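Now for the letters of each chain:
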Amino acid sequence: MGTILQNVASRDSIGEKRERYLGHTEKLMMVVIDFNDGPTSEPDPPHSHPHEQMSYVAEGEIVVHIGSEQTRLGPGDMFSVPPDIPHTVQLLTSHVRLVDVFTPLREEFLG
């Protein structure tokens, strides 16, 4: 059973009132992000990466911006982000939890 928890990281601060923890296999990564600094008046700065991403809104409400499109989402909603497309979120509630899945691994998250 020890191998099940082998690739699960502890919680890391990724900004004021923001935490991330993750687990991964050789080819797949799941990342849980807790935002506790909402609501925000503007979206975070957009970013992009070469990884495929699927995200699940576990708690709270957001506006997700993917390329030139934007959509309001809440608990139970999902969205996908193709590789290399600028994207970001705007927090609409005080707490938001997103569950992101990436392939290939986001190696920069492992350092």
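The residue numbers shown here count from 1 along each chain, following its written sequence. Totals for whole chains, interfaces and linings use every residue, but because this is a predicted model, local features are given only for residues with pLDDT of at least 70 and side-chain atom pairs only at 80 or more, for both listing and counting. As a rule here, side-chain values cover all heavy atoms of the structure and leave hydrogens and water aside.

### Examining the side chain of Thr 40
Moving on, step 1. Put simply, DSSP marks the helices as runs of H or I at least four residues long and the strands as runs of E at least two long, and each gets a number from the N terminus on. You can see Thr 40 is positioned in the loop between β3 (29-35) and β4 (52-59).
Moving on, step 2. A polar contact is formed between the side chain of Thr 40 and the backbone oxygen of Glu 42, at a distance of 3.2 Å. Pairs of N or O atoms are called polar contacts if they sit within 3.5 Å, as long as, within protein, a hydrogen donor faces a hydrogen acceptor (for residues adjacent in sequence, only side-chain-to-side-chain pairs).

### Remarks on the pattern of salt bridges
Moving on, step 1. Between Lys or Arg on one side and Asp or Glu on the other, a salt bridge is scored when a side-chain nitrogen of the former is within 4 Å of a carboxyl oxygen of the latter. Applying the stated criterion across every chain, the model contains 8 salt bridges.
Moving on, step 2. Its salt-bridge partner being Arg 11, residue Asp 34 comes within 3.0 Å of it at the nearest N-O pair. Of this pair, Asp 34 sits in strand β3 while Arg 11 sits in the segment before β1 (12-15), placing them 23 residues apart in sequence.
Moving on, step 3. Through salt bridges with shared partners, a single ionic network connects Arg 11, Glu 19, Asp 34, Glu 59 and Arg 97.

### Concerning the packing of aromatic side chains
Moving on, step 1. Any two of the Phe, Tyr and Trp rings considered here, Trp counted by its six-membered ring, make a pair once their centres fall within 6.5 Å; the pair's planes then place it as stacked at under 30 degrees, edge-to-face at over 60, or tilted in between. This model, assessed by the stated rule, comprises 1 aromatic pair.
Moving on, step 2. With a centroid separation of 6.1 Å and an interplanar angle of 85°, the aromatic rings of Phe 102 and Phe 109 are classed as edge-to-face. Like Phe 109, Phe 102 is buried.
Moving on, step 3. The ring of Phe 109 is capped by Arg 20, whose NZ or CZ atom sits 4.0 Å from the centre of that ring.
Moving on, step 4. For a Lys NZ or an Arg CZ to count as sitting over a ring, it must be within 6 Å of the ring centre and within 35 degrees of the ring normal. It is Arg 106 that lies over the ring of Phe 102; its NZ or CZ is 5.0 Å from the centre. Categorising residues by exposure relies on relative accessible area from a 1.4 Å probe, with only protein chains included: less than 20% of the type maximum marks a residue as buried, more than 50% marks it as exposed, and the intermediate range marks it as partly exposed.

### Quick look at the environment of Gly 60
Moving on, step 1. As for its placement among the helices and strands, Gly 60 is situated in the loop between β4 and β5 (62-66).
Moving on, step 2. As a C-alpha pair, Gly 60 and Ser 94 span 34 residues in sequence and 7.6 Å in three-dimensional space.

### Examining the side chain of Gln 53
Moving on, step 1. Within the fold, Gln 53 resides in strand β4.
Moving on, step 2. Residue classification places Gln 53 among the buried residues on the basis of a relative accessible area of 8%.
Moving on, step 3. Within the local environment of Gln 53, its side chain forms a polar contact with the side chain of His 87, the two groups lying 3.3 Å apart.
Moving on, step 4. Aside from chain neighbours lying at most four places away, what touches Gln 53 is Phe 79, Ser 80, Val 81, His 87, Asp 100, Val 101 and Phe 102. Whether two residues touch is decided by their heavy atoms; if any such pair falls within 4.5 Å, the residues are in contact.

### A closer look at the sheet that holds strand β8 (residues 87-91)
Moving on, step 1. Strand pairing requires that DSSP identify at least two bridges connecting the strands. The antiparallel open sheet is built from 3 strands, whose spatial order is β6-β5-β8. Two strands in the sheet have a free side with no partner beyond their single neighbour: β6 (69-73) and β8. The mean inter-strand angle of the sheet, taken between neighbouring strand axes irrespective of direction, is 20°.
Moving on, step 2. For β5 and β8, the ladder comprises 5 bridges, and the chain directions are antiparallel. Residue pairing in the sheet places Val 63 in a bridge with Gln 90 of β8. Note on geometry: axes are lines fitted to C-alpha atoms, helical ones only across the stretch in contact, with angles between N-to-C directions running from 0 to 180 degrees.

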